[in-house]
Amino acid sequence: MTRGHAAPLLAPGSFRCLVCKVYVKGTASGHCPRCGFVPPSAPPIPEARPFPTTIVLAAVTAVALAVGLAMYA
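Anyway, here's the lowdown on the structure attached to this text. What you are looking at is a predicted structure, and each value in this text was computed from that prediction instead of being measured. (Residues numbered from 1 in each chain as written. Predicted model: local features only at pLDDT ≥ 70, side-chain atom pairs only at ≥ 80, totals over all residues. Heavy atoms only, no water.)

Now for the overall build of the chain. Across its full length, the chain carries one helix and two strands. Each helix (α) and strand (β) of the chain, taken in turn from the N terminus, gives the series β-β-α. Out of the 73 residues belonging to the chain, those deemed buried represent 8%. When contacts within the chain are restricted to residue pairs at least 6 apart in sequence, long-range pairs at least 24 apart make up 2% of them. Accessible area for the chain stands at about 6700 Å²; split by element, carbon and sulfur atoms hold 68% of it. (Helix = DSSP H or I, 4+ residues; strand = E, 2+ residues; numbered from the N terminus. Buried < 20%, exposed > 50% of the residue type's maximum accessible area, 1.4 Å probe, protein only. Contact = heavy atoms within 4.5 Å. Areas by Shrake-Rupley, 256 points an atom, 1.4 Å probe, with all protein chains shown as cover.)

Even without being a glycine, Lys21 presents a positive backbone phi close to 65°. As for its placement among the helices and strands, Lys21 is situated in the loop between β1 (14-16) and β2 (23-25).

So, about the state of the cysteines. In total, this model carries zero disulfides according to the counting rule given. Cys17 forms no disulfide, and the closest cysteine sulfur to it belongs to Cys35, at a distance of 3.6 Å. Here Cys32 is not disulfide-linked; the sulfur of Cys17 is the nearest cysteine sulfur, at 3.7 Å. Look at Cys32 and you get buried, because its relative accessible area is 3%. (Disulfide = S-S within 2.5 Å.)

Under the 1.5 Å per step criterion, the end-to-end length of helix α1 (residues 54-72) is 27 Å for 19 residues, consistent within 8% with the ideal 27 Å. With zero of its 19 residues buried, α1 lies for the most part at the surface. (Expected span 1.5 Å × (residues − 1).)

The next point concerns a nonpolar patch on the surface. Residues Val63, Val67, Met71 and Tyr72 make up a contiguous nonpolar surface patch of roughly 520 Å² in combined accessible area. On the accessibility criterion, Val63 (54% relative accessible area) is exposed. (Patch = residues over 30% accessible without salt bridge, like charges linked within 9 Å, V, L, I, M, F, W, Y side chains within 5 Å. Salt bridge = Lys/Arg side-chain N within 4 Å of Asp/Glu carboxyl O.)

Nothing here speaks to function; it is all geometry.
Following this line, the structure appears as structure tokens:
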């Protein structure tokens, strides 16, 4: 037995139907209740890669400088 409100996981919520040109609440299957249009979905946003810290950048710079000086010595 469940209590309270249980929202469907795949319901798109409200969206502007591109066919009807009105703002509608999507059905449980994701369609417009007036005309049956399925709204376009955007691809998921990729996760941001962490930027190297200052210490890592300083270490890489120091190694590159040491290699560069060793080549000219």
